[in-house]
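Chain by chain, the residues:
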Protein chains: 2
Amino acid sequence: MTDAPAARRGIPGATVARLPVYLRALAGLAATGVDTVSSEELAEAAGVRSAKLRKDLSYLGSYGVRGVGYDVVRLREEIARELGLQYDWSVAIIGMGNLGHALAAYSGFATRGFRVTWLVDEDPNLVGSRIAGLTVIDMDALATQPPAGLIGVIATPPTAAQSVADRLVEMGVHSILNFAPCVLAVPDGVEVRKVDLATELQILAFHEQHARAELGPLADLAAVEVADARQEATS
Amino acid sequence: MTDAPAARRGIPGATVARLPVYLRALAGLAATGVDTVSSEELAEAAGVRSAKLRKDLSYLGSYGVRGVGYDVVRLREEIARELGLQYDWSVAIIGMGNLGHALAAYSGFATRGFRVTWLVDEDPNLVGSRIAGLTVIDMDALATQPPAGLIGVIATPPTAAQSVADRLVEMGVHSILNFAPCVLAVPDGVEVRKVDLATELQILAFHEQHARAELGPLADLAAVEVADARQEATS
DNA sequence: AGGCGCTTGTGAAGGCAGGCACAAAGTCGC
DNA sequence: GCGACTTTGTGCCTGCCTTCACAAGCGCCT
């Protein structure tokens, strides 16, 4: 997991990070008509241990019935409320490059309680154009009407990310999702979560390398071939 | 973080997850001509505490010089080696939707030790077309030449993700990065890291809601407005 | 050559998260 | 109406990660 920051209202950060997974699992169960689920079943659907699931849910209150399980609809509502999903949250995507484009068109946000409301870019050629049904604006235009509860998504090159973050903070945003591969400095009270694609791959590479090392030197040759291919390409 | 799995070779999972961040910070320092850095400076650049940084680096060995600091070039090499980045890793992206497209075009992979080598999709209309300089193939074609050390990136809809994962495992892949919002079941020895964009936003929503609650009921009204707007849109 | 100041590397302590196991509590069958 | 069965909620323990604090080590200055 990326960083699990300080817990609020007594709910551990690790638990908060898992609630969306439970919510997803519950949505799947509800779609198939299940109306009651045991911690064992739900845990399997969510990919965790049942004891962990029960402990997580216990932080929300006692919404289960002993001997029976959890009411799917009720539990869904409770988790959604805990996550603040009883209303949609507005999302502004800053940076309309490859990634920003894809995010703007990504349907997964709308179905999970979020509405992409603003698309922002600095490039004059992009400002004014329409992407995914929205008109691209610049940061100044966004700053004129900073809505309360806005979540900022930074999809700019890393060089621009800090200044964008500064401006977001300035206009009162205190939740930022950062796709730019860099460290953002923000004041206390502003929550930054980062998604770094290359970092994830590098972590996988570590495991891949060490899994390979355990197979002995023979298995290592395959990776060396990759290295050779690289040299060909760069020479 | 997503899950920090079992450590190998004694390096804690939490440390492995931070090594890429250090690597990035070192690259930045090297670009500005710095050749020696103290743990304090590097920690600041990486957004961590210096004690944590030193402990992390100590797992790799003693590459620092007391009273001086760390040699930037040397430390970079050591971390890169530990992560297995002395050679490029091949990456196959499965699912050429919005996200898959953006990932294929994302330049951040190539500059960090990865080469997108295969683009895969099931749609006959897409197979054979060219995206970002590569020809899209289908899973069968990928299976004919499963290269050792391949990392699979799943960018399909969630309904297809499990079957894609099964096929990847079948062809010997044991490192998977999953963008589909679902839980993947894989055998032991296969490493799955997941990136779920909506989950990240939901975690932010939790913090946003509770940060707001602390400001009192007045501040809560703004969010309710958003809820009203939603009802208008859905009615 | 010797001492001084700076920085690393690490033992120890504290805190958080995960897993186990069981008592509490509710339902179902008879 | 009562007992047996099922499943939740949770206290305790264990292990990992983080933080603190300091001794060890290195270079530099005198």
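In this text the structure is predicted, and so the values were computed from the model without any measurement.

Notes on the UniProt feature "DNA-binding region" (unreviewed entry) in chain A
Thought 1: Those residues carrying the UniProt feature "DNA-binding region" (unreviewed entry) are residues 21-60 of chain A in this numbering.
Thought 2: The distance separating the terminal C-alpha atoms of residues 21-60 of chain A is 15 Å; by composition the span is 70% helix and 5% strand.

Regarding the protein's contact with DNA strand D
Thought 1: Taken together, 26 residues form the shell around DNA strand D, and within it Ser39, Arg54 and Tyr70 of chain A together with Arg18 and Arg66 of chain B come nearest.
Thought 2: Sugar and phosphate atoms form 66% of the subset of DNA strand D atoms that lie within 4 Å of the protein.
Thought 3: Separating a base nitrogen of DNA strand D from a side-chain N or O atom of Arg54 of chain A is a distance of 3.0 Å.
Thought 4: The biggest single contributor to the surface near DNA strand D is helix 3 (residues 50-58) of chain B, with 4 residues.
Thought 5: Of the residues assigned to the surface near DNA strand D, the class counts are 9 nonpolar, 9 polar and 8 charged.

Concerning the sheet that holds strand 10 (residues 191-194) of chain B
Thought 1: With mixed pairing, 7 strands are arranged side by side in an open sheet as 6-7-5-4-8-9-10 (chain B). Pairing within the sheet leaves two strands with one partner each, and these edge strands are strand 6 (130-131) and strand 10 of chain B.
Thought 2: With 2 bridges connecting them, strand 6 of chain B and strand 7 (residues 134-137) of chain B associate as antiparallel partners. Pairing of Arg130 of chain B across the sheet is with Thr135 of chain B, part of strand 7 of chain B.
Thought 3: Each of strand 4 (89-94), strand 5 (114-120), strand 8 (151-154), strand 9 (175-178) and strand 10 of chain B touches helix 8 (residues 197-213) of chain A; the most contacted strand, strand 9 of chain B, lies at about 160° to it.

With respect to helix 3 of chain B
Thought 1: All buried positions along helix 3 of chain B are accounted for by Ser50, Leu53, Asp56 and Leu57 of chain B. On an axial view of helix 3 of chain B, the arc spanned by its buried residues comes to 125°, and they lie on one face.

Considerations on the nonpolar core
Thought 1: Ranked by internal contacts, the top residues of the largest apolar core, which has 102 residues, are Ile79 of chain A together with Ile79 of chain B.
Thought 2: A total of 9 residues in this core trace back to one element, the largest contributor, which is helix 1 (residues 13-31) of chain A.
Thought 3: The residues touching Ile79 of chain A, leaving out its near neighbours within four places in the chain, are Leu19, Tyr22, Leu23, Leu26, Leu57 and Leu60 of chain A.

Description of the packing of aromatic side chains
Thought 1: Inspection of the entire model under this criterion finds 4 aromatic pairs over all chains.
Thought 2: Measuring from ring centre to ring centre gives 5.0 Å for Tyr106 of chain A and Phe109 of chain A, while their planes differ by 90°; the resulting arrangement is edge-to-face.
Thought 3: Note on Tyr87 of chain B and Trp89 of chain B: the rings are 5.8 Å apart at their centroids and 70° apart in plane angle, and the pair reads as edge-to-face.
Thought 4: Owing to a relative accessible area of 9%, Tyr87 of chain B belongs among the buried residues under this scheme.

Things to note about the protein's contact with DNA strand C
Thought 1: Taken together, 26 residues form the shell around DNA strand C, and within it Lys55 and Arg66 of chain A together with Ser39, Arg54 and Tyr70 of chain B come nearest.
Thought 2: Protein-adjacent atoms of DNA strand C, using a 4 Å cutoff, are sugar or phosphate at a proportion of 65%.
Thought 3: Contact distances for DNA strand C include 3.4 Å between a base nitrogen and a side-chain N or O atom of Arg54 of chain A.
Thought 4: Among the residues forming the surface near DNA strand C, the class breakdown is 9 nonpolar, 8 polar and 9 charged.

The rules behind these values
- Chains are numbered independently. Their residues run from 1 in the order of the written sequence.
- For this description, chains carry letters from A and ligands carry numbers from 1, given in the order in which they are written.
- Given that this is a predicted model, residues contribute local features only at a pLDDT of at least 70 and side-chain atom pairs are listed and counted only at 80 or more, while totals for whole chains, interfaces and linings are drawn from all residues.
- To obtain the side-chain values, all non-hydrogen atoms of the structure were included, while hydrogens and water were left out.
- UniProt positions are given in the numbering used here, feature names are shortened, and annotations may be inferred rather than shown by experiment.
- Secondary structure follows DSSP: runs of H or I at least 4 residues long count as helices, runs of E at least 2 residues long count as strands, and numbering of each begins at the N terminus.
- A molecule or strand has a residue near it when one of that residue's heavy atoms lies within 4 Å.
- Polar contacts here mean pairs of N or O atoms no more than 3.5 Å apart (in protein, one a potential hydrogen donor and the other a potential acceptor; neighbouring residues in sequence count only if both atoms are side-chain atoms).
- Nonpolar residues are Ala, Val, Leu, Ile, Met, Phe, Trp, Tyr, Cys and Pro. Charged residues are Asp, Glu, Lys and Arg, and all others, Gly as well, are polar.
- By this definition, two strands are paired if DSSP reports at least two bridges between them.
- Residues are treated as being in contact if the distance between any of their heavy atoms lies within 4.5 Å.
- To get an axis, a line is fitted to the C-alpha atoms, and for a helix only the part in contact is used. The angle between two axes follows their N-to-C directions and goes from 0 to 180 degrees.
- A 1.4 Å probe rolled over the protein chains alone gives each residue an accessible area, and that area as a share of the maximum for its type sets the label: buried under 20%, exposed over 50%, partly exposed in between.
- By arc we mean the arc of the directions from the helix axis to the C-beta atoms, nothing more.
- By nonpolar core we mean a set of buried residues, namely Ala, Val, Leu, Ile, Met, Phe, Trp, Tyr and Cys, connected to one another through side-chain atoms within 4.5 Å.
- Only Phe, Tyr and Trp rings take part, Trp by its six-membered ring, and two of them pair if their centres are within 6.5 Å. Stacked means planes under 30 degrees apart, edge-to-face means over 60, and tilted covers everything else.

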